[in-house]
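Coordinate inspection notes
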Amino acid sequence: MDHVHLARALFGMSLGFHIIYATLGVGIPFMVTVAEVSYALTGDHDYAVMAKRWTRGFTVLLAVSITTGTTVALQLSLLWPKFMQLVGQVIALPFLIEVFAFFLEALFMSIYVYAADRIPRRWRILSVLLVAIGAAASALLITDANAFMNAPQGFRLVNGRAVDIHPWQAVFNRALPTSDFHVMMTAYMAVGFVTAAIAAYGLLKKSHTERERKHQYKALMLSLALGGLFGLVAAISGDSAGKYLAKYQPEKLAVAEGLFQTQAHAPLVIGGWVSGTRQDVIGGIKIPDFLSWLATERLDGVVLGLNSFPRDTWPPLFLHLFFDGMVGIGTLLIFFAIFAWLVKTLRKQHEYPFPNWMLVVTVLTGPLAMLAIELGWIYACIGRQPWIIYHVMRTADAVTSAPYVGWMFVLFMLLYLLLAIGSITVLRFYFSRHPLSDDIDPSAPKPRRVVWLP
């Protein structure tokens with residue numbers, strides 16, 4: 001593996017690991033806010049329990065998210081010094097403002113965790129709402145920097161130096177609306193299915209009491225409703241993102257659909273493998289005219305193909321699989337959520353309308369939702385290649401020349417493995433020491449448990 005690809009692999013591994021915790025860090029505070037509001041409106045204690053237990057998990061995940069986010073920021077400077085030199089002059093504002101968003105999140109997270117039982121309900125809701133706002137703002141500001149890489153503006157490059165710099169123009173770049181909105185909707189969608197998967201797993205456990213099953217069922221239905229709702233909104237925002245790509249990043253759209261020849265009545269291709277030698281998608285299902293419609297809202301609209309661009313600026317052709325995987329998983333999750341609510345409606349006479357096979361499928365929706373997030377980010381970042389800043393700076397021109405990248409790859413891989421094992425272990429240990437029954441009925445006698453730590 002050459003120096004550039006090794007640096008890309010290291011940064012991709014770091015970003016991919018961070019995305020998992022960052023997505024959960026954005027979505028869980030929103031879920032907690034919904035649970036708190038539901039408790040205030042209905043008086044149902046189960047929603048308060050959901051908020052409490054989701055918050056406990058969030059505190060552990062937030063610590064790991066901060067750690068992985070710090071490593072990503074560190075690697076930006078270590079691996080891509082020329083990129084950071086330009087970014088520091090042009091698009092530093094989102095990074096600076098993100099610090100205040102994090103302060104907002106951390107401050108009100110402390111208030112919510114340690115003072116929730118001592119303040120009125122409306123202030124408790126306000127505090128967790130501000131946590132959700134702070135988490136969302138952090139994600140939006142960092143995503144804005146990525147959007148700038150896809151749509152750089154607010155400066156001119158003269159002899160390799162940035163001049164005529166307008167930072168706010170760089171912040172409000174044309175990729176910002178579609179990128180930020182889609183990231184937020186998919187994060188809320190993914191976390192909705194993650195919490196649904198946890199609730200479904202609880203319903204499958206035979207050791208749970210009837211009271212615990214009722215709680216898990218409420219959590220399942222709330223999570224599926226939010227996951228399906230935000231999935232639909234994410235699909236709409238994805239359509240807007242596709243139209244943006246057709247206008248401003250046509251190579252990325254072309255590689256997603258395996259389109260080589262610029263043409264009207266361009267077909268949408270589902271599945272298959274893109275062959276560079278045959279310049280076609282092998283085994284794919286083609287829907288005539290549909291890509292033209294999605295890109296231009298005209299069946300005879302012209303869509304640019306890869307052959308309209310120099311060969312050395314093509315993104316990797318395998319991205320067609322990642323794009324199809326992202327869209328396919330998202331579509332399946334939306335239809336499953338709709339199907340689940342139809343089953344609930346048709347079998348409303350049953351206390352628990354879902355058969356075990358549906359619960360098993362629901363457990364799988366959580367990992368699948370996170371996989372779709374990963375595939376989407378891989379497509380978004382690799383689809384910009386060979387540019388680190390689109391049509392301004394190539395990735396090969398931005399990479400460090402230092403020889404330590406290989407050692408860094410090994411060390412950071414070990415760090416992420418340690419963080420993954422550690423966070424899972426802590427969560428399992430904590431919730432085994434604080435089972436659901438303790439929160440549902442705090443007055444019930446507690447069985448003696450083995451204490452492993454002093």
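As the structure is a computational prediction, the values presented were derived from the model and not from experiment.

**Thoughts on the overall build of the protein**
Scanning the protein for helices and strands turns up 15 helices and 8 strands. Compactness check: the protein gives a C-alpha radius of gyration of 24 Å against a globular reference of 22 Å for 454 residues, within 12% of the reference. Seen along its three principal axes, the alpha-carbon backbone of the protein occupies a region of about 75 × 50 × 40 Å. Relative to its 454 residues, the protein shows a buried fraction of 50%. Sequence-distant contacts in the protein: of pairs separated by 6 or more residues, those separated by 24 or more amount to 77%. Side-chain charges of the protein comprise 35 positive and 27 negative groups, with the mean position of each set lying 6 Å from the other.

**Structural notes on the nonpolar core**
Within the largest apolar cluster, 126 residues are counted, with the highest numbers of intra-cluster contacts made by Trp80, Phe83, Leu220 and Phe354. Looking at this core, the element that brings in the most residues is helix H1 (residues 3-42), giving 16 residues. When residues no more than four places from it in sequence are discounted, the contact partners of Trp80 are Ala7, Arg8, Phe11, Gln75, Ile388, Thr395, Ala398 and Val399.

**Here's the deal with the layout of surface pockets**
What the second largest pocket holds in volume is close to 1600 Å³. Around the second largest pocket sit 42 residues that line it, and Ile198, Tyr201, Leu427, Arg428 and Phe431 are the ones nearest its centre. The set of elements that each furnish at least two residues to the lining of the second largest pocket consists of H1, helix H2 (45-79), helix H7 (176-204), helix H8 (210-248), helix H12 (356-382), helix H14 (405-433) and helix H15 (436-440). Along the lines of polarity and charge, the residues of the lining of the second largest pocket split into 26 nonpolar, 12 polar and 4 charged.

**Regarding the side chain of Glu105**
Tracing the sequence through the fold places Glu105 in helix H4 (residues 93-115). Among buried charged residues, Glu105 stands out as having no salt bridge; its nearest opposite-charge side chain is Arg56, 17 Å away. Apart from the residues lying within four places of it in its own chain, the contact partners of Glu105 are Gly25, Phe58, Leu62, Val131, Gly134, Ala135 and Ser138.

**Brief notes about the pattern of salt bridges**
One side chain can pair with another of opposite charge once the charged atoms of both are near each other. All told, the structure shown has 9 salt bridges when counted by the stated rule. Here Asp300 ties to Arg298 by a salt bridge, and the two come within 3.0 Å at their closest N and O atoms. Assessed through its relative accessible area of 48%, Arg298 is described here as partly exposed. Residues participating in the shared-partner salt-bridge network are Asp44, Asp46, Arg211 and Lys218.

**Overview of the packing of aromatic side chains**
For the structure shown, the criterion picks out 17 aromatic pairs. Here the aromatic rings of Phe30 and Phe230 are separated by 5.3 Å at their centres, their planes lie at 85°, and the arrangement is edge-to-face. Separated by 200 residues along the polypeptide, Phe30 in helix H1 and Phe230 in helix H8 bring together distant segments of the chain. Ring centres of Phe100 and Phe103 lie 6.4 Å apart, and the angle between their planes is 85°; on these two criteria the pair is classed as edge-to-face. Here Phe103 and Phe100 lie together in helix H4, a separation of 3 residues that amounts to about one turn. In this structure an aromatic cluster arises from ring pairing among Phe17, Tyr21, Phe412 and Tyr416. Its end group placed over the ring of Tyr379, Lys252 keeps NZ or CZ at 6.0 Å from the ring centre. One cation-aromatic arrangement involves Arg394 over Trp387; the distance from NZ or CZ to the ring centre is 4.7 Å.

**Structural notes on the packing of helix H9 (residues 250-257) against helix H11 (residues 319-346)**
The geometry of H9 relative to H11 is characterised by a closest axis approach of 7 Å and an angle of 80° between their N-to-C directions. Compared by their axis directions, H9 and H11 come out roughly perpendicular. On H11, the residues touching Val255, Ala256 and Glu257 of H9 are Leu319, His320 and Phe323. Residue composition of the contact of H9 with H11, grouped by class: 4 nonpolar, 1 polar and 1 charged.

**A closer look at a nonpolar patch on the surface**
Among the surface-exposed residues, Ile270, Ile285, Ile287, Phe290, Trp293 and Leu299 lie close enough to one another that they form a single nonpolar patch of about 550 Å² accessible area. Only strand S6 (285-287) and helix H10 (290-296) provide two or more residues apiece to the nonpolar patch. Within the secondary structure layout, Ile285 lies in strand S6. According to the relative accessible area criterion, Ile285 is exposed, its value standing at 56%.

Thresholds applied
Residues numbered from 1 in each chain as written. Predicted model: local features only at pLDDT ≥ 70, side-chain atom pairs only at ≥ 80, totals over all residues. Heavy atoms only, no water. Helix = DSSP H or I, 4+ residues; strand = E, 2+ residues; numbered from the N terminus. Rg over C-alpha atoms; globule rule 2.2 N^0.38 Å. Buried < 20%, exposed > 50% of the residue type's maximum accessible area, 1.4 Å probe, protein only. Contact = heavy atoms within 4.5 Å. Lys, Arg positive; Asp, Glu negative; His and termini not counted. Charge placed at Lys NZ, Arg CZ, Asp CG, Glu CD. Core = buried A, V, L, I, M, F, W, Y, C linked by side-chain atoms within 4.5 Å. 1 Å grid on protein atoms, 1.4 Å probe; cavity = no way out; pocket = protein on both sides within 12 Å on 5 of 7 lines; lining within 4 Å. Points joined across faces, edges and corners; volume = space filled by probe spheres on them. Nonpolar A, V, L, I, M, F, W, Y, C, P; charged D, E, K, R; others polar. Salt bridge = Lys/Arg side-chain N within 4 Å of Asp/Glu carboxyl O. Phe/Tyr/Trp six-rings, centres within 6.5 Å; stacked < 30°, edge-to-face > 60°. Lys NZ or Arg CZ within 6 Å of the ring centre and 35° of its normal. Axes fitted to C-alpha atoms, helices over the stretch in contact; angles between N-to-C directions. Parallel < 35°, antiparallel > 145°, perpendicular 65-115°, else oblique. Patch = residues over 30% accessible without salt bridge, like charges linked within 9 Å, V, L, I, M, F, W, Y side chains within 5 Å. Areas by Shrake-Rupley, 256 points an atom, 1.4 Å probe, with all protein chains shown as cover.

Nothing here speaks to function; it is geometry throughout.
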